[in-house]
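Tertiary structure, described
Take a look at the letters that make up each chain.
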Amino acid sequence: MCIRDRLKFVSDSLEVFPLYTWADPLGKNPYSVMHTDHYFPWHFDGNEFTLSILVQKAEKGGFFEYAPDLRSRDNENFEEVSKVLKGDRKKIKSLNLKPGDEVIATGYKIGMAEFGGFGEIVHLPSEWVVKLPENLSLYNAMCHGTAGITAAECVNKIIKRDISNTLPVLVSGATGGVGSIGVSLLSKLGYEVHAITGKPDENEMLTSMGATKIISRSDFMSEPLKPLDKASYSSAVDTVGGEMLAKMISMISNNGVVSCCGNVGGAMFTSSVFPFILRGVQLSGVDSAESPINLKKELWNLLANEWLIDLNNQTKIVNIQEIDNEIKKILDGGQIGRVVIKHGE
């Protein structure tokens, strides 16, 4: 890349116009040479921005670390600077990706405030992406998608609580994206899974995912809600919300967990305090879109290894021109399983 193209790239990226090069051919290109165990010390850049180019990659390590927006023109922020220099890493960002790395990006503002939900090429902050684990292909990662990482976080809440498999786990919205993957993951991990669905024609698919019992949504909700019902389930994953969630909570046994991540059945629910104070039930919300990137890395590594499941039979591939029909199915409550967009011809 010639200097003119490089200037245009930086200028376009930072939206700073125009940019100029130094007339001094030596002063404009300072080099830092570091040997094993050396590091570039923390320092303050006096310019508005600095462009660092890696000339030779280290055999290992050598990550570029920085603390963005720590200071401003009006505030030197010595207190926060002192924390960084003393080893506080809360505001430290690390760039450990290189050109050509395959990455996964889910959640945050993608497809909402940030363009690119269905894009073939997108520009995202590096702290929003996770390097693709070795055992996972890009296709398999997108078979999971945002729903998959949400399901993984729901299941992780149950695993972290060390929930026994002596009682079954209940999953609502079981034919949807989160619910279907949740069923498969829990079955993979040795739990008996009871799946609630409003689509009785999909019983065979739910059984193939690992559900041992299929419960009709209308049958499940037919009995009046009780302050404390029979403790039939060790834990639950709820993707629906509303009164469905309230009834599920009432049926969880001692010290169980209900992972909650949806509201298609309603944003409000009514529950007594008895499940919480008499059985120690924990209601745990899941917001996978804004989950810390380190948690996402942990979950993607689990999905690529110990939690690896085959989603081919519940995934279909469409091109971008067909996506409107798939969205309509979601809005009409008729979407089953997963949908992956294939770009290009």
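Everything below is about the structure shown above.
This text gives an overview of the structure that appears in the document. (Residues numbered from 1 in each chain as written. Predicted model: local features only at pLDDT ≥ 70, side-chain atom pairs only at ≥ 80, totals over all residues. Heavy atoms only, no water.)

1. Focus: the overall build of the protein
What counts is decided by this rule: Put simply, DSSP marks the helices as runs of H or I at least four residues long and the strands as runs of E at least two long, and each gets a number from the N terminus on. For the exposure calls, accessible area comes from a 1.4 Å probe over protein chains only, and a residue counts as buried if that area is under 20% of its type's maximum, exposed if over 50%, partly exposed in between. Contact between two residues is taken to exist if any of their heavy atoms lie within 4.5 Å; hydrogens are not considered. Only the protein chains shown count as covering a residue, and every accessible area follows the Shrake-Rupley method with a 1.4 Å probe. Positive: Lys, Arg. Negative: Asp, Glu. His and the chain ends are not part of the count. A charged residue contributes its charge at one atom only: NZ of Lys, CZ of Arg, CG of Asp or CD of Glu.
Along the backbone of the protein there are 10 helices and 12 strands. Burial analysis of the protein (345 residues in total) assigns 35% to the buried set. Excluding contacts between residues fewer than 6 apart, the proportion of contacts in the protein whose partners are at least 24 apart in sequence is 67%. Approximately 21700 Å² of the protein is accessible, and the part contributed by carbon and sulfur atoms is 53%. For the protein, the centre of its 35 positive side-chain charges and the centre of its 42 negative side-chain charges are spaced 3 Å apart.

2. Some remarks on the packing of helix α3 (residues 138-160) against helix α4 (residues 177-188)
Put simply, the rule reads: Between N-to-C directions, angles cover 0 to 180 degrees, with each direction set by a line fitted to C-alpha atoms, over the stretch in contact for helices. Working rule for angles: under 35 degrees goes down as roughly parallel, over 145 as roughly antiparallel, 65 to 115 as roughly perpendicular, anything else as oblique. A crossing counts as left-handed when the near helix is turned anticlockwise from the far one by less than a right angle, and as right-handed when that turn is clockwise. Charged residues are taken to be Asp, Glu, Lys and Arg, nonpolar residues to be Ala, Val, Leu, Ile, Met, Phe, Trp, Tyr, Cys and Pro, and polar residues to be all remaining types, Gly included.
Interaxial distance between α3 and α4 falls to 8 Å at its minimum, and their mutual angle equals 50 degrees. By the criterion of interaxial angle, the relationship of α3 to α4 is oblique. Remark: the crossing between α3 and α4 carries right-handed chirality. Here Cys143, His144, Ala147, Gly148, Thr150, Ala151, Ala152, Val155 and Ile158 of α3 come into contact with α4, specifically with Gly177, Val178, Ile181, Gly182, Leu185 and Leu186. A breakdown of the residues in the contact of α3 with α4 according to their chemical character gives 10 nonpolar, five polar and no charged.

3. Focus on the nonpolar core
Worth spelling out the cut-off: Grouping buried Ala, Val, Leu, Ile, Met, Phe, Trp, Tyr and Cys residues that are joined through side-chain atoms within 4.5 Å yields what is termed a nonpolar core.
Counting 47 residues, the largest nonpolar core has Ile158, Val183, Leu185, Leu186 and Trp300 as its most contacted members. With nine residues, the single largest contributor to this core is α3. Membership of the second largest hydrophobic core comes to 16 residues, among which are Val240, Met248, Ile249 and Cys260.

4. Quick look at a nonpolar patch on the surface
What counts, and what does not: Note that patches include only residues with greater than 30% relative accessible area and no salt bridge, and the join distances are 9 Å for like charges and 5 Å for nonpolar side chains (Val, Leu, Ile, Met, Phe, Trp, Tyr). Salt bridges are identified by distance alone: a Lys or Arg side-chain nitrogen within 4 Å of an Asp or Glu carboxyl oxygen.
Together, Phe118, Ile320, Ile327 and Leu331 make up a nonpolar patch on the protein surface, roughly 370 Å² of accessible area in all. Of note, Leu331 is situated in helix α10 (residues 323-331).

5. What about helix α2 (residues 78-85)?
Put simply, the test is: This arc corresponds to the set of directions leading from the helix axis out to the C-beta atoms.
Turning to α2, its buried residues are Glu80, Val81 and Val84. Looking down the long axis of α2, one finds its buried residues gathered within 100 degrees of arc, a one-sided arrangement. α2 presents Phe78, Glu79 and Leu85 as exposed residues on the side facing more than 90 degrees away from its buried surface. Directly beyond the C-terminal end of α2, a positive phi value near 110 degrees is found at Gly87.

6. Thoughts on the packing of α3 against helix α9 (residues 293-304)
Contact geometry of α3 with α9 gives a least axis separation of 9 Å together with a crossing angle of 100 degrees. The pairing of α3 with α9 is recorded here as roughly perpendicular in orientation. The segment α3 lies against α9, with Ala141, His144, Gly145, Gly148, Ile149, Ala152, Glu153, Asn156 and Lys160 engaging Leu295, Lys296, Glu298, Leu299, Trp300, Leu302 and Leu303.

7. A closer look at the pattern of salt bridges
This model, assessed by the stated rule, comprises 10 salt bridges. A salt bridge links Arg89 to Glu65; its shortest N-O distance comes to 2.5 Å. Of this pair, Arg89 sits in the loop between α2 and β2 (93-95) while Glu65 is found in strand β1 (residues 64-66), placing the two residues 24 residues apart along the sequence. Exposure remark for Arg89: the relative accessible area of 48% places this residue in the partly exposed category. Across the pair Glu80 and Lys91 runs a salt bridge whose closest N-O atoms are separated by 3.5 Å. Of the two residues, Glu80 is situated in helix α2 and Lys91 in the loop between α2 and β2; the sequence distance between them amounts to 11 residues. Residue Glu80 is classed as buried on the basis of its relative accessible area, which comes to 17%.

Fair warning: the whole summary comes from geometry, so function is off the table for now.
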